[in-house]
Amino acid sequence: MFITDIRKNFYDVVANQRVALLVAADIDALCACKILQALFHCDQIQYTLVPVTGWQDLSTAFLEHKEQFRYFVLINCGANVDLLEMLQPDDDSIFFICDTHRPVDVVNVYNDTQIKLLIKQDDDLGVPAYDDIFRDDEDGGDSGNESDEGSEPSGKRRRFDEGAIERRIERQRAKREWEARRREILFDYEQYEYHGTSAAMIFFELAWVLTKDTKDMLWWAIIGLTDQWVHDKITHMKYVSDIATMQRHVSRHNHRNEDEENSLSIDCMRISFEYDLRLTLYQHWSLYESICNSYYTACCFKLWTLKGQKKLQEFLADMGLPLRQVKQKFNSMDITIKENLRDVIEESSNKYGMKDIRIQTFGVHFGFKNRFLASDMVHAAAALLESTEKEQNDTTDNFIKALNSLSRNNLDCLKAGIDLAKKKLIAIQQTVASCICTNLILSQGPFLYCYLMEGTPDVKLFSKPLALTLLCKYLLKAFVHSTRNKRCKLLPLIMAAPKDVEKGTVIVVGIPPDSETSDKKNFFGRAFEKAAESTSSRTLHDHFDTSIIELKTEDRSKFLDALITLLS
Amino acid sequence: MSTNNVVDERIAKFKNKGKDLAKLREKRIIECVQLRKAHKNESFLKRRNITLSSLPDEEALSPENDTVSFRIEDIIKDVNSDDREAQTRGSQAARKLLSKSHDPPIKEIIDAGLLSRFVSFLSMDDEPTLQFEAAWALTNIASGTSWHTRQVVEHGAVTAFINLLASPMLHISEQAVWALGNIAGDGTAYRDVLIECNVISALLARISPDTPVGYLRNLTWTLSNLCRNKNPCPPLCAVQQMLPSLIQLLHLSDTDIVSDACWAISYLSDGSNDRIDVVVRTGIVPRLVELMNNKELCVMTPALRSIGNIVSGSDLHTQMAIDAGVLDVLPKLLRHPKPTMQKEAAWALSNIAAGPCKQIQQLITCGLLPPLVEVLRNGDFKTQKEAVWAVTNLTSGGTVEQVVNLVQSGALEAIINLLLVKDAKVILVILEAVNNMFMAAEKLGETEKLSLLIEELGGLERIEMLQNHSNEIVYQAAHNLIEKYFSD
């Protein structure tokens, strides 16, 4: 069931209990987790934090903790499957689910006892009405005198409506119709996968209701929302309207601290609304490198072509910025250039057809020196979360590092994350360029398909879901800019990359078509399931996003063939 | 390898392909649905309190609920109007309200003073639709509590309905049959009122080879209600009037008809020996034994009940049942999956065991001892109780050889095990059986052998324990046994 009063029905319930926090591996989930941890510290609520990367992980984590815990909080996982059926919990386990995954499984919605959904009801949920999908097969027989077989007949009998038989036939017909309608309704409801309001924002709202919200929490909520934008989970409309919500909170907080003395101290924290450049990590890079490795500019210039490179030079010349300044560290750039840099860039961008070079976002100051944009944080944390640097690449270790990078007392960690993120962005851009230049993107009819071969540079990086999703998004944008085929511009993209060479598996990601007005609804989840079923391909649907699966390399072609047939 | 297995198991779990999970899910869905249902009913009721206009469930599905108003005020106005059409419309609306499966407004309709109108409609032979709607409405009102039924009767519905039985319109006549069944089913008083009014001949007149099955079902049920209830039993002349037709109905093939006819026989045979005699003399016993073998539970149950009643009669009655082959059927029934069947069968067996040694011998010859011991061991408590009676009856009426036979079949061990039960009555019956067995042993001079056997089976210990029993009579019986047979 949906919880309407998050304070009364969630926070007060767990307040004196031990809680197991099961947190999915995405940045919004980490931010939500940070907020909840802060609240729990504040109220001395004991909890155990368990990172989970997929359904198997979640099941194991539950099995390991179900004896000690009664209350489980699931962040960004659990809403889109029939959780009780999957976990088979005892009757007294209670699950609080704060998950952006849509659609929410109908059983979760209508279970009143064990499933508590911390999900905003004003999100565009479209849950089918209870009576449309569940039917109480009441009264068994309907002719009234079918009491327990073999027992004495009743002394009196009421006559029900005409012709019991007629009615039964009518009922059966109605039931069949109802079932057909139910299938239709559920099909419509479950057809597309998409995302709702950020989990971090939900928990921030809780903190606010409890009047325990801090600037740190606010910043995490902003990062959570920005993650949804960076990883392309929500529509532009949704992003802008949620940004507005956050902006109200930001002004409230800034206003509250206005007269305080510490407004400019070494350990102060200041969040500000920015209409900033869509150049990734530019304040921690050189302007030039940021332009080269931001998908927006890279795609507009088509930087993978010689012509594109030339265009970039012209663009820089147009802005009147010396190449030496542009190529050096942003921090060391001439202060006079930096002063009205954003306006200068915007002006030239407009000339070059980049009308949306600026975007509503937030920045933070830690003390005097350290300034970060929300998207910087997302990229850094994501890079840490999916780091492939260390040989052992331990997921829990990565999880903790990513979590730490979000705290302001761990700037070293954050900076390490930023360095990793730069490498990742460079790798993405290079891979995009090579895929476009070598025509690796094939039109399969109903969708585009790109397979990264084993041995491609940085292929290991793209065995991770977030990185591959980002690559997918950038690649599709680049392809749409480079192809002349109008029909292809409207197609969704499937990418496959080697996952585990020893096991012979690939990771497959599907994303919806790229367009300004995209509703970000993804139908690949269902399609993958169906295709795997019909070909009995060896697939593992373990990821919380149903549009990300694992597949045996040998089964790839039959799986694709089935997918083409299915979607044609 | 082993870790692989663990992973596989886990995958199997999460892939939820396991079949036993289905049950759990079912349970969960049921719970979930029940919760919802509770909510729904709640809101449903609330809605209903405001207005009576909500369509009953049944109506929602039937196509012909055009423009009928279900507001009680409208119904009152219509029914009380002089216009036939309005009367029909009002009666139909009332009938529909009374026919919905949930919470019919019987009281409201009575309080609205509509009953006298309905009863007067019954005699309007030129308005068959109105007759039918009124008859149906009254039927459903009479199906309620005794008070509801009384309202119908006191408005003079009995004679009107009996007259209606003769209606040329079959469905109207059938509705009258049904209504009379409800009135008869209320209890002995109205049953005998109906009989006084000659309902039986009017009913029997409708039985013909052309009568449709549905009609006959209702009629059989109504007849069975006229046979039903004791203190007093239905008048003997009425019973004799009905019996030939009941026998006739009992030979039909329709399960529902046979079931109700059989129940009628079971009511009639539930009485003193002269009542049983009336039933038995119709020659129905072989058919009843045959029906005990029927595959339908709703036939088996009343057939077994009837035979149980008959074998509780005189030795002659019992012998007729034995001759009809009841002992060949009973083993199967003692092993029936339904405990109630086992109990009834054990009860019948206990009565046969109470007969003369000739009948006991037939019982043993037909192989009834093994299933008897089985239910002593594994039956539910009610069945065990009846089976204990069978043992005790056999030990008190049987020959020495027959008692030896019984002990050897394992019955002694089984009843000793039952000495642990709480029910003092059962314990006393068991102790009596043990005592009877000793009396048989005395005749053979083998009391010591029996004492030893009982001790070996742990019986002595239990009987000793019973000397601490709070029930005085149990204590006395146990004490006597110890004194007499275990004192040395």
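As the structure is a prediction and not an experimental result, all values here were calculated from the model.

*Asks:* What should I look at first to understand the overall build of chain B in this one?
*Replies:* Helix and strand content of chain B: 31 helices and zero strands. For chain B, with 488 residues in total, the buried portion stands at 52%. For chain B, restricting intrachain contacts to residue pairs at least 6 apart in sequence, the fraction spanning at least 24 positions comes to 69%. Summing over all exposed atoms, chain B offers an accessible surface of approximately 22100 Å²; the carbon and sulfur share of this is 52%.

*Asks:* Before we go on, may I ask you to explain the overall build of chain A in this structure?
*Replies:* When helices and strands are counted, chain A shows 22 helices and 16 strands. Per-residue burial over chain A gives 57% buried out of 568 residues. Contacts spanning at least 24 positions in sequence make up 71% of the contacts within chain A whose residues lie at least 6 apart. Of the accessible surface of chain A, which amounts to about 24600 Å², a share of 49% is contributed by carbon and sulfur atoms.

*Asks:* Please clarify how the sheet that holds strand E11 (residues 441-443) of chain A should be interpreted in this entry.
*Replies:* Each strand in a sheet pairs with its neighbour through backbone hydrogen bonds, running either in the same direction (parallel) or in the opposite one (antiparallel). Residue and element names in this part refer to chain A. Pairing is mixed in the open sheet, where six strands are placed in the order E11-E12-E13-E14-E16-E15. Looking at strand neighbours, the two that pair on one side only are E11 and strand E15 (539-540), the edges of this open sheet. As paired strands, strand E14 (residues 505-511) and strand E16 (residues 548-552) are joined by five bridges and run antiparallel to one another. Opposite Ile507, over in E16, you have Glu550 as the bridge partner. Its contacts with the sheet put helix H22 (residues 556-567) on strand E12 (448-451), strand E13 (493-500), E14, E15 and E16, and the angle it makes with E16 is roughly 130°.

*Asks:* Help me understand helix H5 (residues 84-99) of chain B in this model?
*Replies:* Think of an α-helix as turning once every 3.6 residues; residues three or four places apart then point the same way. For H5(B), spanning 16 residues, the distance from its first C-alpha to its last is 22 Å, which sits close to the expected 22 Å at 1.5 Å a residue. Within H5(B), twelve of the 16 residues are buried, which leaves the element mostly enclosed by the surrounding structure.

*Asks:* How should I be thinking about unusual backbone geometry in this particular structure?
*Replies:* Apart from glycine, the bulk of residues carry a negative phi angle, and the bulk of peptide bonds sit in the trans form. Of the consecutive residues Arg102(A) and Pro103(A), the connecting peptide bond is found in the cis state with omega at -5°. Examined against the element boundaries, Pro103(A) turns out to sit in the loop between strand E5 (101-102) and helix H5 (106-110). With omega at -5°, the peptide bond leading from Asn231(B) into Pro232(B) counts as cis. Examined against the element boundaries, Pro232(B) turns out to sit in the loop between helix H14 (213-227) and helix H15 (236-250). One non-glycine residue, Gln88(A), lies in the positive phi region at around 50°. Among the secondary structure elements, Gln88(A) is positioned in the loop between helix H4 (83-87) and strand E4 (94-98).

*Asks:* When you look at the pairing of strand E1 (residues 19-24) of chain A in this model, what are you seeing that I'm missing?
*Replies:* For a regular strand, side chains alternate in direction, first toward one face of the sheet and then toward the other. Residues and elements named next belong to chain A. Of all six residues in E1, six are buried, a share of seventy percent or more. Residues Val19, Leu21 and Val23 point to one face of E1 and Ala20, Leu22 and Ala24 to the other, with burial holding for every one of them. Pairing of E1 with strand E3 (residues 71-75) involves five bridges; the strand directions are parallel. Considered in E3, the bridge of Ala20 is made with Phe72.

*Asks:* I would appreciate a short explanation of a negative patch on the surface in the present structure.
*Replies:* Residue and element names in this part refer to chain B. There is a patch of like negative charges on the surface, built from Glu455, Glu456, Glu461 and Glu464. Only helix H29 (447-456) and helix H30 (459-466) provide two or more residues apiece to the negative patch. Within the secondary structure layout, Glu455 lies in helix H29. Look at Glu455 and you get partly exposed, because its relative accessible area is 45%.

*Asks:* It is not clear to me how the pattern of salt bridges should be interpreted in this structure. Could you clarify?
*Replies:* Where side chains of opposite charge bring their charged atoms close, a pairing between them can arise. The final tally for this structure, using the stated rule, is 38 salt bridges over all chains. Here Lys212(A) and Asp43(A) are joined by a salt bridge, their closest N and O atoms 2.9 Å apart. With Lys212(A) in the loop between helix H8 (199-209) and helix H9 (215-230) and Asp43(A) in the loop between helix H2 (27-42) and strand E2 (47-52), the pair connects residues that are 169 residues apart, well separated along the chain. Taking the shortest distance from any N to any O, the salt bridge between Glu374(B) and Arg335(B) comes out at 2.9 Å. With Glu374(B) in helix H24 (residues 369-378) and Arg335(B) in the loop between helix H21 (326-334) and helix H22 (339-353), this pair connects stretches of sequence that are 39 residues apart. What makes Glu374(B) partly exposed here is its relative accessible area of 32%.

*Asks:* Just checking my understanding: could you explain the UniProt feature "repeat: ARM" (unreviewed entry) in chain B for this structure?
*Replies:* Listed under "repeat: ARM" (unreviewed entry) in the UniProt record, and renumbered for this structure, are residues 156-184, 241-283, 325-353 and 367-395 of chain B. Annotated as residues 367-395 of chain B, this span is 86% helix and 0% strand, and its ends, taken at the C-alpha atoms, are 17 Å apart.

*Asks:* Honestly, the packing of helix H11 (residues 170-184) of chain B against helix H12 (residues 188-196) of chain B in this entry has me stumped. Any pointers?
*Replies:* How two helices sit against one another is set out by the angle between their axes and by the gap between those axes. All names here are of chain B. In the contact formed by H11 and H12, the axes pass within 7 Å of each other and the chain directions differ by 135°. Comparing the axis directions of H11 and H12 gives the class oblique. Counted together, Leu180, Ile183 and Ala184 of H11 and Tyr190, Arg191 and Leu194 of H12 form the full contact between these two elements. Tallied by class, the residues present in the contact of H11 with H12 amount to five nonpolar, no polar and one charged.

*Asks:* Just checking my understanding: could you explain helix H10 (residues 236-256) of chain A for this structure?
*Replies:* All names here are of chain A. In a regular helix each residue adds 1.5 Å, so 21 residues correspond to 30 Å; H10 covers 30 Å between its end C-alpha atoms and thus fits that length. Within the sequence span of H10, burial applies to Lys238, Tyr239, Asp242, Ile243, Thr245, Met246, His249, Val250 and His253. Here the buried residues of H10 occupy an arc of 160° about the axis, which is enough to place them on one side. Structural note: H10 exposes Met237, Arg248 and His255 on the side pointing more than 90 degrees away from its buried face. Where H10 is buried, its residues contact H8, H9, strand E8 (269-277) and strand E9 (358-366).

*Asks:* What am I meant to see in the nonpolar core here?
*Replies:* The tendency in soluble globular proteins is for nonpolar side chains to be buried side by side. If you look at the biggest cluster of nonpolar residues, it comprises 156 residues, and the most contacted ones within it are Phe118(B), Phe161(B), Leu226(B), Val326(B), Leu330(B) and Ile415(B). Looking at which element gives the most residues to this core, the answer is helix H28 (residues 424-444) of chain B, with twelve residues. Ignoring sequence-local partners within four residues, the contact set of Phe118(B) consists of Val79(B), Ser91(B), Ala94(B), Ile109(B), Ala134(B), Ala137(B) and Leu138(B). Grouped together as the second largest cluster of nonpolar side chains are 152 residues, Cys33(A), Leu118(A), Trp304(A) and Ala382(A) included.

*Asks:* Just checking my understanding: could you explain the sheet that holds E8(A) for this structure?
*Replies:* All names here are of chain A. On the basis of which strands lie adjacent, the open sheet formed by three strands has the order E8-E9-E10 and antiparallel pairing. The sheet is open, and its two edges are formed by E8 and strand E10 (370-373), each paired on a single side. For this sheet the average axis-to-axis angle between neighbouring strands, irrespective of direction, equals 30°. Pairing of E8 with E9 involves nine bridges; the strand directions are antiparallel. Opposite Phe273, over in E9, you have Phe362 as the bridge partner. Its contacts with the sheet place H9 against E8, E9 and E10, and it is angled at close to 25° to E8. The strands touched by helix H16 (residues 341-351) within the sheet are E8, E9 and E10, with E8 carrying the most contacts at an inclination of about 20°.

*Asks:* What should I look at first to understand the packing of aromatic side chains in this one?
*Replies:* The geometry of an aromatic ring pair is captured by the separation of the ring centres together with the interplanar angle, meaning the angle of the planes. Evaluation of the coordinates by the stated rule reveals 32 aromatic pairs over all chains. For the pair Phe528(A) and Phe559(A), a centre-to-centre distance of 5.8 Å together with 50° between the ring planes defines the contact as tilted. Placement of Phe528(A) in helix H21 (residues 524-535) and of Phe559(A) in helix H22 is noted, with a sequence separation of 31 residues between them. With 5.8 Å between their ring centres and 90° between their planes, Phe438(B) and Phe486(B) make a pair best called edge-to-face. Highlighted residues: Phe438(B) in helix H28 and Phe486(B) in the segment after helix H31 (472-485), separated in sequence by 48 residues. Summarising the burial analysis for this pair, Phe438(B) and Phe486(B) share the class buried. An aromatic cluster is present here, built from Phe10(A), Tyr11(A), Phe40(A), Tyr47(A), Tyr71(A), Phe96(A) and Phe203(A) joined pairwise through their rings.

*Asks:* Looking at this model, I keep getting lost on the environment of Thr431(A). Mind explaining?
*Replies:* All names here are of chain A. In this structure, Thr431 sits in helix H19 (residues 411-437). Taking C-alpha positions, Thr431 is 9.0 Å from Val459, a pair spaced 28 residues apart along the chain. Apart from residues lying up to four places away in sequence, Thr431 is in contact with Leu452, Pro457, Phe462 and Leu471.

*Asks:* For this particular structure, what's the right way to read a positive patch on the surface?
*Replies:* Side chains of Lys302(A), Lys307(A), Lys311(A) and Arg484(A) sit close together on the surface and give a patch of like positive charge. By the element assignment, Lys302(A) lies in the loop between helix H12 (295-301) and helix H13 (306-319).

Thresholds, definitions, all that
Throughout this description, residue numbers start from 1 for each chain and increase along the sequence as written. Whichever chain is written first is A, and whichever ligand is written first is 1; the rest continue in order. Owing to the predicted nature of the model, reporting of local features is limited to residues with pLDDT of at least 70; listing and counting of side-chain atom pairs is limited to 80 or more, with chain, interface and lining totals taken over all residues. Processing note: side-chain calculations cover all non-hydrogen atoms of the structure and skip hydrogens and water entirely. Only DSSP runs of H or I reaching four residues or more are called helices, and only runs of E reaching two or more are called strands; each is numbered from the N terminus. Burial status follows relative accessibility: with a 1.4 Å probe on protein chains alone, a residue under 20% of its type maximum counts as buried, one over 50% as exposed, and anything between as partly exposed. A contact between two residues is defined here by any heavy atoms of the two lying within 4.5 Å. We get accessible surface area from the Shrake-Rupley algorithm with a probe of 1.4 Å; when it comes to residues, only the shown protein chains can shield them. Think of it this way: DSSP has to see at least two bridges between two strands before they count as a pair. Axis definition: a line fitted to C-alpha atoms, limited for helices to the stretch in contact. Angles are taken between N-to-C directions and run from 0 to 180 degrees. For a helix, the expected span equals 1.5 Å multiplied by the number of residues minus one. Two distance rules govern patches: like charges are joined within 9 Å, and nonpolar side chains (Val, Leu, Ile, Met, Phe, Trp, Tyr) within 5 Å, applied only to residues with over 30% relative accessible area and no salt bridge. A side-chain nitrogen of Lys or Arg and a carboxyl oxygen of Asp or Glu constitute a salt bridge if their distance falls within 4 Å. Charge assignment: positive for Lys and Arg, negative for Asp and Glu; neither His nor the chain ends contribute. A charge is said to be at NZ when it belongs to Lys, at CZ for Arg, at CG for Asp and at CD for Glu. UniProt positions are given in the numbering used here, feature names are shortened, and annotations may be inferred rather than shown by experiment. Our angle categories are set so that under 35 degrees counts as roughly parallel, over 145 as roughly antiparallel, 65 to 115 as roughly perpendicular, and the remainder as oblique. Residues are grouped as follows: nonpolar covers Ala, Val, Leu, Ile, Met, Phe, Trp, Tyr, Cys and Pro; charged covers Asp, Glu, Lys and Arg; every other residue, Gly included, is treated as polar. Taking the helix axis as origin, the arc is that swept by the directions to the C-beta atoms. We call a set of buried Ala, Val, Leu, Ile, Met, Phe, Trp, Tyr and Cys residues a nonpolar core when their side-chain atoms join them within 4.5 Å. Between rings of Phe, Tyr and Trp, where Trp is taken as its six-membered ring, a pair exists when centres lie within 6.5 Å; planes separated by under 30 degrees are stacked, by over 60 edge-to-face, and by other angles tilted.

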